[in-house]
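A look at the structure
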Amino acid sequence: MLKGSPDSGLSVSGVTVQFGGLRALEDVTLSVPPRSVVGLVGPNGAGKTTLFNVVSGFVRPSAGQLTWDGHPFHPKPRRLVRQGIARTLQDVGLFPHLTAVENVMLGRTTQRRAGYVSSLLGLPGSARDERESRRISTEGLDRLGVAQHAERQASALPYPVQKRVALARALVTRPRLLLLDEPAGGLGAEDFEPLAELVKSLPGDPDSPCSVLLVEHHMDFVMGVCDQVVVLDFGRLVAAGTPSEIQSDPAVAAAYLGIDPTDIEVDAGTAVTLTEEPA
Amino acid sequence: MDRFVFLTVNGVALGAIYASVAIALVIIFRTTRVLNFAQGAMAVASAYGGMAVIEYSGSYWLGFTTALVLGGALGAAARLTVFRSADRQGHLNPIVIGIGLLIVIESALAIAFGPTERHLSTAFSRDLLHLGGTALLSRQDLFTLLAVGVVMSLLAWTLTRTRIGLQMRATAFNPVVARLHGIKVGHILTLGWVIAGVVGALAAMLVVPTGLGLFPQAMDLVFVLGFTSAVIGGLDSLSGAMIGGVATGLALSYASGYLGSELTYVAAFVLLLGVLLLKPAGLFAGTTARSV
């Protein structure tokens, strides 16, 4: 954790976001250690997406600090990829009129060397760049098993394929931190398993290890892939811990089911699934 | 039949000019949702620059190049000054800004160069060439078709084959997501204005000498017809702008040839009304709903 240590991950401390009279986040502190998968859960409106927007620079916090790589971090959307952070969007965010491979190539925007002028003039350096980018992007699609859709327009692809293309676009930036906004949202159960395997494999990737911060509503998915889970409710952090700790935390049940923590024993019918340890 | 062939060729050459103006408008509109009403005036200002250089140096091509460079520079200048935040101001403000800029430029040109027509030469002779006894088109018309063709091909190639083009297409659709991928959205938007400025200046250098000559309002009518072409094509689509331009050129040519010159411009508006009635979004509009 010395200054400039490239291995100190992301930390968010005391972050508050105020939208007019609404406190979207209040004094939230969490960290994403290197090579870990951290899940962010909570009911709708709990501030999960706001936190993502703070980390990706779309929202400036009214109080609190971020640290990335051991440095104070003031994120700006355009710089994010250069700083090793990639983000997927809740609504997929593909460019519908571009092909799948073109969408992924956009993820390589910052990695290319040839300048504007040489690109406009089509000089040999930029042509090489272009081929290299297309090759890496096709490999990226292949890694997610959707290379056969490379030349199809994004808008024509089925939703689960679009999700994978968006994930490929984030991964070709070779991030060290990946922010996944509802990666399993809208997917059928049959798509969960491969996605979970992929997310779990990212921190240990021998080529470019990457930690993950994800927002997700599917609890099975979150509990299956995360090392740490953070629960937000009304902008406040209500619990943090390993998946099993979270599942047995009464405050979490309260946040999710609107039950008073003291009532849990009484209202066993609904709470039992949450409080029991997984078999 | 000879007459039909002549009018067709003539219409296509004229349409190439309208297509250039339409393309200049569409390049800016699809990235920033700004309709640049000063496009014609900026093109005239570039042509004045070209004329000054031709008179001073005696070289047409030096003046021609100067006009194109000046057009690009004016595009960047307009984007970085008066239109700086125009893409965030809804649809009406940029139109008012554009009309304001149009008045300022045309007045400044009248003060600097006088309000009367100045001579601007064509690149090539305007004498008609004959093919098998039929008067077809002039060398200048050929040059017009060639120049516009080259510009369109370059533009198409840039947009589909280069990373800048990919970034331009992405930015046009969703600047926020584009920015998240490290695209310098501001630079890309300015580049669009530069390209539009160059294409507009090219249109002015090609069309002004075939009319009355160079005067501050020389492009007003051409701008209106270019705008008509862009709307016919759907405002969002470059190929639409091209086809809209050629359709407008043909409509004008046939109308003046068969119906009489007093009906020339009526034809353009009949065409526009027809397209708007049958396909209100324009012939080649994307599937996404537009609010203009």
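Reading guide: rules and limits
- Residues numbered from 1 in each chain as written.
- Chains lettered and ligands numbered in written order.
- Predicted model: local features only at pLDDT ≥ 70, side-chain atom pairs only at ≥ 80, totals over all residues.
- Domains from an automatic or database assignment.
- Nonpolar A, V, L, I, M, F, W, Y, C, P; charged D, E, K, R; others polar.
- Contact = placed C-beta atoms within 7 Å.
- UniProt positions renumbered as here; feature names shortened; annotations may be inferred.
- Helix = DSSP H or I, 4+ residues; strand = E, 2+ residues; numbered from the N terminus.
- Buried ≥ 20, exposed ≤ 12 C-beta atoms within 10 Å, placed from the backbone.
- Pairing = 2+ DSSP bridges.
- Axes fitted to C-alpha atoms, helices over the stretch in contact; angles between N-to-C directions.
- Core = buried A, V, L, I, M, F, W, Y, C linked by C-beta atoms within 7 Å.

Turning next to the domain arrangement of chain A. Residue and element names in this part refer to chain A. Annotation of chain A at the domain level lists domain 1 (1-84 + 184-247) and domain 2 (95-173). Taken over C-alpha atoms, the centre of domain 1 sits 26 Å from the centre of domain 2. Taken together, the residues that form the side of domain 1 that touches domain 2 break down as 2 nonpolar, 1 polar and 2 charged.

Take the interface of chain A and chain B next. Many descriptions give the size of an interface as the accessible area lost when the pieces come together. The partner chain B presents 18 residues to the 25 residues of chain A that form the contact. Its residues assigned to classes, the side of chain A that touches chain B comprises 10 nonpolar, 9 polar and 6 charged.

Moving on to the UniProt feature "transmembrane region" (unreviewed entry) in chain B. Residue and element names in this part refer to chain B. Mapped onto this numbering, the UniProt entry gives "transmembrane region" (unreviewed entry) at residues 6-27, 34-54, 60-80, 92-113, 142-159, 188-208, 214-233 and 265-286. Across residues 92-113, helical content stands at 100% and strand content at 0%; the span's end C-alpha atoms are separated by 32 Å. Helix makes up 100% of residues 142-159 and strand 0%, and the two end C-alpha atoms of the span are 26 Å apart.

Our next topic: the environment of Leu189(B). Residue and element names in this part refer to chain B. Within the fold, Leu-189 resides in helix α8 (residues 185-207). C-beta crowding within 10 Å serves as the criterion here: with 21 such atoms nearby, Leu-189 is assigned to the buried category. C-alpha separation for the pair Leu-189 and Asp-87, spaced 102 residues apart in sequence, amounts to 10.0 Å. Ignoring anything within four residues of it in the chain, the contact list for Leu-189 reads Thr-31, Thr-32, Arg-79 and Thr-171.

Moving on: the sheet that holds strand β9 (residues 228-233) of chain A. Residue and element names in this part refer to chain A. The 6 strands are arranged β6-β7-β8-β3-β9-β10 in an open sheet whose pairing can be described as mixed. Strands with a single pairing partner mark the edges of an open sheet, and in this sheet they are β6 (85-87) and β10 (236-241). Pairwise comparison of adjacent strand axes, ignoring direction, gives a mean angle of 15° for this sheet. Sheet topology places strand β3 (residues 37-41) next to strand β8 (residues 211-215); 4 bridges connect them, and they run parallel.

In this structure, Val165(A) and Ala47(B) are the most contacted members of the largest nonpolar core, which totals 165 residues. With residues up to four places along the chain from it excluded, the contact list for Val165(A) reads Leu94(A), Ala100(A), Asn103(A), Val104(A), Leu141(A), Val146(A), Ala154(A) and Leu157(A).

What follows deals with the sheet that holds strand β1 (residues 10-19) of chain A. Residues and elements named next belong to chain A. The antiparallel open sheet is built from 4 strands, whose spatial order is β2-β1-β4-β5. Both edges of this open sheet fall to β2 (22-32) and β5 (71-72), since each of them pairs with a single strand only. Bridge analysis of β1 against β2 gives 7 bridges, and the strand direction is antiparallel. Paired with Leu-10 across the bridge in β2 is Val-32.

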